[in-house]
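# Examination of the molecular architecture
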Amino acid sequence: LVRFGAATVAPNDGSSTVEPTFGAGSGVQVDNDTTLGLTFVYMATDTIGVELVGALPFRHDIKGSGTLSGAGKLAETKQLPPTLLAQYYFNAGSNIRPYVGAGLNYTSFFSEKTTGALSGSSIKLGDSWGLAGEVGVDIDINNDWYVNLAAWYMDIDSEATIGVGAVPVENKIDVQIDPWVSFIGIGTRF
């Protein structure tokens, strides 16, 4: 099975304090983004599949929270979250096939840039490994094409390293992104 459509990453985010630079109560939050999502599924049987989830890069603005909530955009990053899942399909042979899946996510962050209150500082987000779960449904249009609706929950945690000042003082911030990813698209089988 091949599916393509709109994928939206909506972080359920939080972070540790951005100390010592910004003091107690400061933190960051990560904005949503939508891009082209792709999934490839190998059906081992009529009910068991193995899915690889991919997408074009997502771009996220990183904004201040807590005592930094008025600081606006502090940085931006791009990320790719390839995910491998084992799936179980219900209603094999039906025109409507719901499914569930569980697996492993790897997220790579790149092209980080600072702005606003962090302008001139350096930032690097560490890559993440985590678990992922999904629910979805395929609804046939005809024998070859179908509509797909899906949602994934991904455990994505990163350590951000921010270097501030002429002789950079490194701040380490634990950032929990843990997004819900929603997908609507079309698919084909061959």
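What counts and what doesn't
- Residues numbered from 1 in each chain as written.
- Predicted model: local features only at pLDDT ≥ 70, side-chain atom pairs only at ≥ 80, totals over all residues.
- Heavy atoms only, no water.
- Helix = DSSP H or I, 4+ residues; strand = E, 2+ residues; numbered from the N terminus.
- Buried < 20%, exposed > 50% of the residue type's maximum accessible area, 1.4 Å probe, protein only.
- Polar contact = N/O pair within 3.5 Å; in protein donor to acceptor, adjacent residues only side chain to side chain.
- Contact = heavy atoms within 4.5 Å.
- 1 Å grid on protein atoms, 1.4 Å probe; cavity = no way out; pocket = protein on both sides within 12 Å on 5 of 7 lines; lining within 4 Å.
- Points joined across faces, edges and corners; volume = space filled by probe spheres on them.
- Nonpolar A, V, L, I, M, F, W, Y, C, P; charged D, E, K, R; others polar.

Secondary-structure assignment places Thr77 in strand E7 (residues 73-80). Looking at Thr77, the relative accessible area reads 2%, which means it is buried. Polar contacts involving the side chain of Thr77 include one to the main-chain carbonyl oxygen of Phe110, which spans 3.3 Å. Thr77 has contacts with Phe58, Arg59, His60, Ile62, Phe109, Phe110, Ser111, Glu112 and Leu125, leaving out every residue within four places of it along the chain.

Attention now moves to the environment of Tyr99. By the secondary structure assignment, Tyr99 is in strand E9 (residues 96-114). Residue Tyr99 is classed as buried on the basis of its relative accessible area, which comes to 1%. Distance from Tyr99 to Gly136, taken between C-alpha atoms, is 5.3 Å for residues 37 residues apart in sequence. Polar contacts involving the side chain of Tyr99 include one to the side chain of Asn148, which spans 3.0 Å.

Applying the stated criterion to the full structure yields two cavities of 30 Å³ or more. Here the largest cavity is characterised by a volume of approximately 120 Å³. The wall of the largest cavity is formed by 16 residues, among which Val28, Ile62, Ile123, Leu125 and Val175 lie closest to the centre. Contributing elements (two or more residues each) for the lining of the largest cavity: strand E3 (26-30), strand E6 (58-66), E7, strand E10 (122-125), strand E13 (157-164) and strand E14 (169-176). It is E7 that provides the largest number of residues to the lining of the largest cavity, a total of three residues. Class assignment of the residues belonging to the lining of the largest cavity gives a composition of 14 nonpolar, two polar and no charged. For the second largest cavity, the calculated volume is near 80 Å³. If you go around the second largest cavity, you meet 13 residues; those closest to its centre are Val53, Gly54, Ala55, Phe58 and Val181.

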